[in-house]
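Examination of the molecular architecture
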Amino acid sequence: MGATGPRFSFSSATAPGNLIAGPILTVGEEPHTVVTADLNGDGHLDLADSNRSDGTVTCLLGDGHGNFHRLFDNLSPFAEPLMRIFDFRFSNFD
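Residues numbered from 1 in each chain as written. Predicted model: local features only at pLDDT ≥ 70, side-chain atom pairs only at ≥ 80, totals over all residues. Heavy atoms only, no water.

Each helix and strand in the protein chain was counted, giving zero helices and six strands. Counting across all 94 residues of the protein chain, residues that qualify as buried make up 30%. The long-range fraction of contacts in the protein chain, counting pairs at least 24 apart against all pairs at least 6 apart in sequence, stands at 31%. In the structure as shown, the protein chain presents an accessible area of about 6,300 Å², 55% of it carried by carbon and sulfur atoms. (Helix = DSSP H or I, 4+ residues; strand = E, 2+ residues; numbered from the N terminus. Buried < 20%, exposed > 50% of the residue type's maximum accessible area, 1.4 Å probe, protein only. Contact = heavy atoms within 4.5 Å. Areas by Shrake-Rupley, 256 points an atom, 1.4 Å probe, with all protein chains shown as cover.)

A few words now on the pairing of strand β1 (residues 7–15). Along any regular strand the residues' side chains alternate between the sheet's two faces. Direction of pairing for β1 relative to strand β2 (residues 18–26): antiparallel, over a ladder of seven bridges. Bridged to Ala15 within β2 is Asn18. Counting the residues in the hairpin turn of β1 and β2 gives two residues, including Gly17, whose phi is positive at 85°. (Pairing = 2+ DSSP bridges.)

Turning our eyes to something else, we now look at unusual backbone geometry. Working note: non-glycine residues mostly have negative phi, and peptide bonds are mostly trans. Residues other than glycine seldom take positive phi values, yet Glu30 does so here, at roughly 55°. Tracing the chain through its elements places Glu30 in the loop between β2 and β3 (31–37). The class for Glu30 is partly exposed, based on a relative accessible area of 41%.

On average, the protein chain scores 76 in pLDDT, and the residues at 70 or more come to 73%. Within the protein chain, no element has a lower average pLDDT than β1, which sits at 73, and none a higher one than strand β5 (residues 56–62), at 88. (pLDDT = per-residue confidence, 0-100.)

In structure tokens form, the structure reads like this:
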């Protein structure tokens, strides 16, 4: 992504005992909690994380192929260590 700063990565399982390294994702300062949901309604899982030190929430949109694109870091007074996703419009995102 070309940005520097705190990062995290994840692995995915292809079969019992086999892990494939995922992308390294750049997020805000001191990432704490990561949640997954289809945040933009395109049918692919996206990621959001809360960042303790800078009080931001980072949103990363998934493309369905294991790639995530950083959409924004939003300053939030609610960037708590624990995040929850709610569907207030009842659009049934996962």
